[in-house]
Amino acid sequence: MFEPKTKDITRWGLTIRGSDVYFPKKETAINIGKMTLKINPGTKMFEEYRLWDISTGIPRLIDEQRFDRTILISI
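As the structure is a prediction and not an experimental result, all values here were calculated from the model. (Residues numbered from 1 in each chain as written. Predicted model: local features only at pLDDT ≥ 70, side-chain atom pairs only at ≥ 80, totals over all residues. Heavy atoms only, no water.)

S.K.: When you look at the overall build of the protein in this model, what are you seeing that I'm missing?
M.R.: Helix and strand counts for the protein come out as 1 helix and 4 strands. Sequence-ordered secondary structure for the protein, helices as α and strands as β, is β-β-α-β-β. Taking 2.2 N^0.38 as the reference for a compact globule, 75 residues should give roughly 11 Å; the C-alpha atoms of the protein span a radius of gyration of 16 Å, well beyond that estimate. Projected onto its principal axes, the C-alpha coordinates of the protein cover approximately 55 × 20 × 15 Å. Relative to its 75 residues, the protein shows a buried fraction of 25%. A separation threshold of at least 6 residues defines the contact pool for the protein, and within that pool the share at least 24 residues apart is 57%. Both charge centroids of the protein, one from 13 positive and one from 10 negative side chains, sit 8 Å from each other. (Helix = DSSP H or I, 4+ residues; strand = E, 2+ residues; numbered from the N terminus. Rg over C-alpha atoms; globule rule 2.2 N^0.38 Å. Buried < 20%, exposed > 50% of the residue type's maximum accessible area, 1.4 Å probe, protein only. Contact = heavy atoms within 4.5 Å. Lys, Arg positive; Asp, Glu negative; His and termini not counted. Charge placed at Lys NZ, Arg CZ, Asp CG, Glu CD.)

S.K.: What is the right way to look at the sheet that holds strand β1 (residues 6-16) in this model?
M.R.: Think of a sheet as strands paired side by side through backbone hydrogen bonds, with each pair either parallel or antiparallel. The strand order β2-β1-β3-β4 describes an open sheet built from 4 strands, whose pairing is antiparallel. Looking along the sheet, the strands with just one partner apiece sit at the ends: β2 (19-23) and β4 (60-68). Across the sheet, the axes of successive neighbouring strands diverge by a mean angle of 30°, strand direction being ignored. Relative to β2, β1 is paired through 5 bridges, and the arrangement is antiparallel. Counterpart to Leu14 in the pairing with β2 is Val21. The strands touched by helix α1 (residues 26-39) within the sheet are β1, β2 and β3 (44-53), with β1 carrying the most contacts at an inclination of about 10°. (Pairing = 2+ DSSP bridges. Axes fitted to C-alpha atoms, helices over the stretch in contact; angles between N-to-C directions.)

S.K.: Would you explain the nonpolar core in this entry?
M.R.: Across soluble globular proteins, nonpolar side chains show a tendency to be buried alongside one another. In terms of nonpolar packing, the biggest core is built from 7 residues, these being Trp12, Leu14, Phe23, Ala29, Ile30, Met45 and Ile73. Residue contacts for Trp12: discarding those within four places in its chain leaves Val21, Tyr22, Phe23, Lys25, Lys26, Ala29, Met45, Phe46, Glu47, Arg69 and Leu72. (Core = buried A, V, L, I, M, F, W, Y, C linked by side-chain atoms within 4.5 Å.)

Spelled out as structure tokens, the structure:
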């Protein structure tokens, strides 16, 4: 039976004045987001999720979603 191989990629980032800034770790995005929120109250935090099919030689995007995680920096 054929089982598809998949790879998921999660990226964390902040939207500051309309520009997206990405960070390697969730904790880094939260820490910088809390500091940035003091200077710019319009700062938003997000999580991007992408699921790739890597069964064949060419990776194919299966699913892509973006979640609002601003609550994590406003606590």
